[in-house]
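Fold and geometry: a report
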Amino acid sequence: MPDMLVKLYDLPEKQTLVQQLAQQGIMIKRGMSGDMHRAVAFVEEHFNASWRNSCQNAFARLPSGIFLAVRDKQIIGFACYDVVVRNFFGPTGVTDACRGLGVGKALLLECLHAMRSDGYAYAIIGWAEDAQTFYQRTVGATVIPNSFPGAYRNMVALD
Ligand SMILES: CC(C)(COP(=O)(O)OP(=O)(O)OC[C@H]1O[C@@H](n2cnc3c(N)ncnc32)[C@H](O)[C@@H]1OP(=O)(O)O)[C@@H](O)C(=O)NCCC(=O)NCCS
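About the cut-offs
- Throughout, a residue's number is its position along its own chain's written sequence, starting from 1.
- Owing to the predicted nature of the model, reporting of local features is limited to residues with pLDDT of at least 70; listing and counting of side-chain atom pairs is limited to 80 or more, with chain, interface and lining totals taken over all residues.
- Side-chain numbers come from the whole structure's heavy atoms, not from hydrogens or water.
- What counts as a helix is a DSSP run of H or I of at least four residues, what counts as a strand is a run of E of at least two, and both are numbered from the N terminus.
- Taken over C-alpha atoms, the radius of gyration is set against a globule rule of 2.2 Å times the number of residues to the power 0.38.
- The classification of residues rests on relative accessible area computed with a 1.4 Å probe and restricted to protein chains. Under 20% of the type maximum is buried, over 50% is exposed, and intermediate values are partly exposed.
- Whether two residues are in contact is decided by their heavy atoms: any pair within 4.5 Å suffices.
- Using the Shrake-Rupley algorithm and a 1.4 Å probe, accessible areas are obtained, with residue cover drawn only from the displayed protein chains.
- Counting rule applied: Lys, Arg positive; Asp, Glu negative; His and chain ends not counted.
- A single reference atom marks each charge: NZ on Lys, CZ on Arg, CG on Asp, CD on Glu.
- Only residues whose relative accessible area exceeds 30% and that form no salt bridge enter a patch; like-charged residues are grouped when within 9 Å of one another, and nonpolar side chains (Val, Leu, Ile, Met, Phe, Trp, Tyr) when within 5 Å.
- Definition used for salt bridges: Asp or Glu carboxyl oxygen within 4 Å of a side-chain nitrogen of Lys or Arg.
- Read the arc as the range of directions from the helix axis to the C-beta atoms.
- By the criterion applied in these results, polar contacts are pairs of N or O atoms within 3.5 Å in which, for protein atoms, one can donate a hydrogen and the other can accept it, and in which residues neighboring in sequence qualify only through two side-chain atoms.
- Two rings belonging to Phe, Tyr or Trp (six-membered ring only in the last case) form a pair when the distance between their centres is within 6.5 Å. Interplanar angles under 30 degrees mark stacking, angles over 60 mark edge-to-face geometry, and anything in between is tilted.
- Whether a charge sits over a ring depends on NZ of Lys or CZ of Arg being within 6 Å of the ring centre and within 35 degrees of the ring normal.
- Lines are fitted to the C-alpha atoms to define the axes, a helix being fitted only along its stretch in contact, and any angle between axes, read from their N-to-C directions, falls within 0 to 180 degrees.
- The scheme is simple: roughly parallel for angles under 35 degrees, roughly antiparallel for over 145, roughly perpendicular for 65 to 115, oblique for anything else.
- Two helices crossing with the near one rotated counterclockwise from the far one by less than a right angle form a left-handed crossing, whereas a clockwise rotation gives a right-handed crossing.
- Three classes are used: nonpolar for Ala, Val, Leu, Ile, Met, Phe, Trp, Tyr, Cys and Pro, charged for Asp, Glu, Lys and Arg, and polar for all others, with Gly counted as polar.
- Distances are taken per atom, and a residue is near a molecule or strand as soon as one of its heavy atoms is within 4 Å of it.

Topic: the overall build of the chain
- The secondary structure content of the chain amounts to five helices and seven strands.
- The linear arrangement of helices and strands in the chain, starting from the amino end, is β-α-β-α-α-β-β-β-α-β-α-β.
- Its C-alpha atoms give the chain a radius of gyration of 15 Å, near enough to 15 Å, the size a compact globule of 159 residues would have.
- Taken over the C-alpha atoms alone, the chain extends approximately 40 × 35 × 30 Å along its principal axes.
- Buried positions account for 47% of the 159 residues belonging to the chain.
- By sequence separation, contacts in the chain at least 24 residues apart represent 70% of the contacts at least 6 residues apart.
- For the chain, the accessible area works out to roughly 8,600 Å², and carbon and sulfur atoms hold 50% of it.
- Taking the 15 positively charged and 14 negatively charged side chains of the chain as two groups, their mean positions are separated by 5 Å.

As structure tokens, then:
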């Protein structure tokens with residue numbers, strides 16, 4: 001599960017995809033404090049406890065470090081940055097039923113553009129799991145050699 005590197009100075013634009021999704025009724029928005037309980041419950045239900053913790057962290061600052069995909073007032077996906085280690089993107093996830101629509105890519109692009117605005121030149125995708133091809137295709141991410149367990153090595157358990 002290596003980490004991956006992304007050049008933030010060479011990002012694809014995000015607006016076209018965000019608008020296409022909006023036309024299908026899917027809104028990509030930055031999380032607000034009033035969204036926290038719903039976002040945390042969503043991540044707990046669809047993903048895991050470790051990601052739930054990261055999601056909570058995202059709401060500990062302003063603006064939050066989380067973008068949400070919302071359809072019919074229901075969260076269908078999320079993506080965080082600067083919640084595990086500074087300069088790290090992730091975790092992120094989209095519900096099974098809503099994959100393949102461009103939601104994961106839109107959430108990724110929103111976060112990476114936000115990181116660029118925050119002054120980073122590169123972002124690190126932490127623990128890329130089975131999604132390495134997704135990150136390579138969408139934002140040209142490259143694998144950082146020998147990067148696992150890397151930043152995560154001191155967690156009590158890698159789950
Ligand atoms: C990875 C994930 C967020 C992608 O979300 P998604 O909404 O299905 O992705 P998109 O529809 O935006 O896909 C964008 C492109 O990436 C491709 N893609 C998506 N998931 C992929 C995968 N796992 N492997 C390879 N390519 C993938 C799509 O085919 C699409 O390609 P195209 O633009 O050429 O058509 C989603 O599959 C997910 O939640 N996975 C489980 C959690 C996870 O692994 N998170 C990442 C860990 S760091």
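Alright, that's what it looks like, and here's the rest.
A short note on a nonpolar patch on the surface
- Among the surface-exposed residues, Met 1, Phe 148, Met 155 and Leu 158 lie close enough to one another that they form a single nonpolar patch of about 340 Å² accessible area.
- Secondary-structure assignment places Phe 148 in the segment after β7 (142-143).

Let's talk about helix α3 (residues 49-58)
- When α3 is considered as a whole, its buried residues turn out to be Trp 51, Ser 54, Cys 55 and Ala 58. The buried residues of α3 occupy an angular sector of 100° when the element is viewed end-on, so they sit on one face.
- Packed against the buried residues of α3 are α2 (36-46), β3 (66-71), β4 (74-81) and β5 (88-94).
- Backbone nitrogen of Ser 50 and a side-chain oxygen of the N-cap are separated by 3.2 Å at the start of α3; the cap is Asn 48.

Digging into the packing of aromatic side chains
- Under the criterion given, the structure shown has 11 aromatic pairs.
- Members of the aromatic cluster, connected to one another through ring pairs, are Phe 42, Phe 47, Trp 51 and Phe 78.
- The lysine or arginine in question, Arg 61, covers the ring of Tyr 81, its NZ or CZ lying 5.3 Å from the ring centre.

As for the packing of α2 against α3
- Direction vectors running N to C along α2 and α3 enclose 165°, while the axes themselves pass 8 Å from each other. Here α3 runs roughly antiparallel to α2, going by the angle between their axes. The way α2 lies across α3 gives a crossing that is right-handed. Between α2 and α3, the residues in contact are Ala 39, Val 40, Val 43 and Glu 44 and Trp 51, Arg 52, Cys 55 and Gln 56, respectively.
- Tallied by class, the residues present in the contact of α2 with α3 amount to five nonpolar, one polar and two charged.

Concerning the site of the ligand
- Around the ligand, the structure places 18 residues, and the nearest of them are Val 94, Gly 100, Gly 102, Gly 104 and Lys 105.
- Within the backbone of Gly 100, a nitrogen or oxygen atom sits 2.9 Å from an oxygen atom of the ligand.
- Within the side chain of Arg 137, a nitrogen or oxygen atom sits 3.5 Å from an oxygen atom of the ligand.
- Alone, the ligand offers 900 Å² of accessible surface; in the complex the protein occludes 71% of this.
- Only β5, α4 (103-117) and α5 (132-139) provide two or more residues apiece to the shell around the ligand.
- Sorting elements by how many residues they give to the shell around the ligand places α5 first, with five residues.
- Its residues assigned to classes, the shell around the ligand shows eight nonpolar, seven polar and three charged.

The quantities given are spatial measurements derived from coordinates; they are silent on function.
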